[in-house]
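Geometric and topological summary
Letter by letter, the chains look like this.
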Amino acid sequence: MGRRGGQRSEVRGQPIANSKQQTANSKQLIKMNKAVVLLSGGLDSATTAAIAISEGYEPIALSFRYGQRHEKELIAAAKIAKALGIKEHYTIDINLSQWGGSSLTDFSIAVPKDGVKLDIIPSTYVPGRNTVFIAIALSLAEAKNAVAIYLGINAVDYSNYPDCRPEYLEAYQKLANLSSKVGVEGKSPRLVAPLVKDSKVDIVRRALSLGVPIEDTWSCYQGEDLPCGVCDSCRIRDRALIEADRPDLATPAGREFFSSVF
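Source: prediction; values computed, not measured.

What follows deals with the pattern of salt bridges. All told, the structure shown has ten salt bridges when counted by the stated rule. Notably, a salt bridge pairs Glu-243 with Arg-239, separated by 3.1 Å at the nearest N-O pair. Linking Glu-243 with Arg-239, this pair stays in helix H8 (residues 232-243), spanning four residues, or about one helical turn. For Glu-243, a relative accessible area of 33% corresponds to the partly exposed category. Here Arg-246 makes a salt bridge to Asp-248, at a shortest N to O gap of 2.7 Å. Through salt bridges with shared partners, a single ionic network connects Arg-65, Glu-71 and Asp-93.

What follows covers the nonpolar core. Counting 36 residues, the largest nonpolar core has Val-36, Leu-38, Ile-134, Ile-149, Leu-151, Leu-169 and Leu-191 as its most contacted members. Breaking this core down by element, the ones donating at least two residues are strand E3 (34-38), strand E4 (58-65), helix H4 (129-144) and helix H5 (166-178). Top element by residues in this core is H4. It accounts for six residues. When near neighbours in sequence (up to four residues on either side) are disregarded, Val-36 contacts Ile-60, Leu-62, Ala-137, Leu-140, Ala-141, Ala-146, Ala-148, Ile-149 and Tyr-150. Counting 33 residues, the second largest nonpolar core, distinct from the first, contains Ala-81, Leu-84, Leu-249 and Phe-258.

Looking at the secondary structure, you find Ser-209 in helix H7 (residues 200-210). The spatial distance from the C-alpha of Ser-209 to the C-alpha of Thr-47 is 9.8 Å, given a sequence separation of 162 residues. In this structure the side chain of Ser-209 is engaged in a polar contact, spanning 2.8 Å, whose partner is the backbone oxygen of Arg-206.

Reading guide: rules and limits
Residues numbered from 1 in each chain as written. Predicted model: local features only at pLDDT ≥ 70, side-chain atom pairs only at ≥ 80, totals over all residues. Heavy atoms only, no water. Salt bridge = Lys/Arg side-chain N within 4 Å of Asp/Glu carboxyl O. Helix = DSSP H or I, 4+ residues; strand = E, 2+ residues; numbered from the N terminus. Buried < 20%, exposed > 50% of the residue type's maximum accessible area, 1.4 Å probe, protein only. Core = buried A, V, L, I, M, F, W, Y, C linked by side-chain atoms within 4.5 Å. Contact = heavy atoms within 4.5 Å. Polar contact = N/O pair within 3.5 Å; in protein donor to acceptor, adjacent residues only side chain to side chain.

Here's what the structure looks like:
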């Protein structure tokens, strides 16, 4: 117990900081640890946001209305940001659907439902999407003095997208170092992709361990009231959820489809 007479209590020889000192120290720590997190509303980006928080960063969420088929994922992104306590969340309009080139931005191209094929880049690839998104994230990070940009990209269970590979990130980091004031000063934000080499089931397990509200995320390529359970994204997600012993979070179609597999 502390001594009376105005003296402060001590623990292991160190005086306990008063509440004002603690608040000041906390604010300084937060200021030094801002990170922009690309938050699409899907499982991967939500898990990445939770990882950034667990690693001591104050996240600034960044979402995009890029002319995608639906707004379900943006609604999910808002829910995730609120659930994770993210206070700053930007949604930027960049209409990539004006020139199409992807089944996610062009309704004349069917969304694939026959499973991911090895060595084939599917129609769900959006030309230049990640390159554009990261460029905006770099601008936001520099303006907000963020020291990192967290990306939910994955090169294992996804569909051979060229802009989800580790070598792509390495090249972009070099560009980031050269293309900005903070880069010239040697303080360019790091591009961090904690899930890039994870399997989908590993991502599900990380999400569960971090308390990510998986039920609030949206991964389906379609924009119906409920996930379709048959598009490539749904099937990849459903399989991982079932493998991770959470079939309750999978779609009914997914549970039925994989019942003969597991």
